[in-house]
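# Notes for the structure review
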Amino acid sequence: MGQAGGLMIVDSHVHVGTAGVPLGPAGPAASFALWRKRAAAVGISRGVLMAAPVGSYAAANRTVAHLAAREPGRWLWYVFVNPVADRGRVDAVVAAAHARGACGIKVHWSDGPATDEVALAAERHRMPVLFDPGGDVQQVCYLAGRHPDVAWIVPHLSAFNDDWRAQKRLTDVLVRVPNVFTDTSGVRYFDLLEEAVARAGSRKVLFGSDGPYLHPAPELAKIFALGMPPADRALILGGNVLRLTAAARSGRCHTNCGT
């Protein structure tokens, strides 16, 4: 269990591999080992694993599932879905991953936007969707409205490229749409992160590092810099992601049994 001063920390956004981005070791195992060493140094030893965005995910998802299965009490994992290439079989991909322990779905804008097909699979298997929309907050609103029983986690306050306008729009969405959440990874404008937490509340925000692309130490430091009460900080540092994935984790046997 990830601990810092007795506080459990779950990094909700950890990639296995870098998809060819020349940062650190290229291979998934070596890349993950480096992130794990860095995370352990700041008290993080539990996280949500997922493939890196490579477009084709069958092999990458198997690698992630294998890593997570080695220490099932420590690692959760999300199945990466390409909504374009996997069209027509998304539910089959998600069901197979759920049988191997997956408790969420990941979609990246570079493969195309999340779709109704993705949302229906998420609803059936009671999984959250970690959807990076590349700043397209309107698409998030559209899907969240059509599928209110699905938790939509939007990383980076919606924009890894520091598009503060998109991040401000997502904050407005966090306040008014109950099934939209965000994670803190890669949010460089601290004041925007502080505003999001203050307006939307601590239950709408998850700690994530976007490792191994980003170092977990400064990403974690942002959470403590917010100066929140301990109960609110505990939600962001682990309570929220565990709550949002609880149904998928507890329902794994139910799904496997085909009932």
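Just so we're clear, the structure is a prediction, and the values are computed from it rather than from any experiment.

## Some points on helix H5 (residues 137-146)
The complete set of buried residues in H5 reads Val137, Gln139, Val140, Leu143 and Ala144. Each buried residue of H5 sits inside an arc of 155° when the element is viewed along its axis, so together they form one side. In H5, the exposed positions angled more than 90 degrees off the buried face are occupied by Gln138 and Gly145. Turning to H5, the residues buried within the fold contact helix H4 (116-125), strand E7 (129-132), strand E8 (152-154), helix H6 (164-176) and strand E9 (180-183).

## Section: the pairing of strand E3 (residues 10-16)
Where a strand is regular, its side chains alternate between the two sheet faces. Most of E3 sits out of view: seven of its seven residues are buried. As paired strands, E3 and strand E4 (residues 46-51) are joined by five bridges and run parallel to one another. Paired with valine 16 across the two strands is alanine 51, which belongs to E4. Note that the unit made of E3, helix H1 (residues 28-41) and E4 has a crossover that is right-handed.

## Focus: the packing of H6 against helix H7 (residues 190-200)
Put simply, H6 and H7 touch, their axes get as near as 9 Å, and they point 10° apart. Classified by the angle between their axes, H6 and H7 sit roughly parallel to one another. The interaxial crossing formed by H6 with H7 has right-handed handedness. In contact with Trp164, Gln167, Lys168, Thr171, Asp172, Leu174 and Val175 of H6, H7 contributes Leu192, Glu195, Ala196, Arg199 and Ala200. Considered class by class, the residues forming the contact of H6 with H7 number six nonpolar, two polar and four charged.

Analysis parameters
Positions within a chain are numbered from 1, following the residues in the order the chain's sequence is written. The model is predicted, so local features are restricted to residues of pLDDT at least 70 and side-chain atom pairs to those at 80 or more, both for listing and for counting; the totals for chains, interfaces and linings are taken over all residues. Note: side-chain values were computed over all heavy atoms of the structure, leaving out hydrogens and water. Only protein chains enter the calculation, and the probe is 1.4 Å; a residue is then buried if its accessible area is under 20% of its type maximum, exposed if over 50%, and partly exposed in between. Secondary structure elements are defined from DSSP: runs of H or I of at least 4 residues count as helices, runs of E of at least 2 residues count as strands, and each element is numbered from the N terminus. Our arc is simply the arc of the directions from the helix axis toward the C-beta atoms. Contacts were defined at the residue level, with two residues in contact if any of their heavy atoms lie within 4.5 Å. Each pair of strands is called paired provided DSSP finds at least two bridges between the two strands. Handedness is read with the strands pointing away from the viewer; a crossover is right-handed when the path from the first strand over the helix to the second is clockwise. Note on method: axes are straight lines fitted to C-alpha atoms, helices fitted across the in-contact stretch only, with angles between N-to-C directions ranging 0 to 180 degrees. For this classification, under 35 degrees means roughly parallel, over 145 means roughly antiparallel, 65 to 115 means roughly perpendicular, and everything else is oblique. Each helix crossing is assigned a hand: it is left-handed if the near helix lies turned anticlockwise from the far helix by less than a right angle, otherwise right-handed if that turn is clockwise. Classification convention: Asp, Glu, Lys, Arg as charged; Ala, Val, Leu, Ile, Met, Phe, Trp, Tyr, Cys, Pro as nonpolar; all other residues, Gly among them, as polar.

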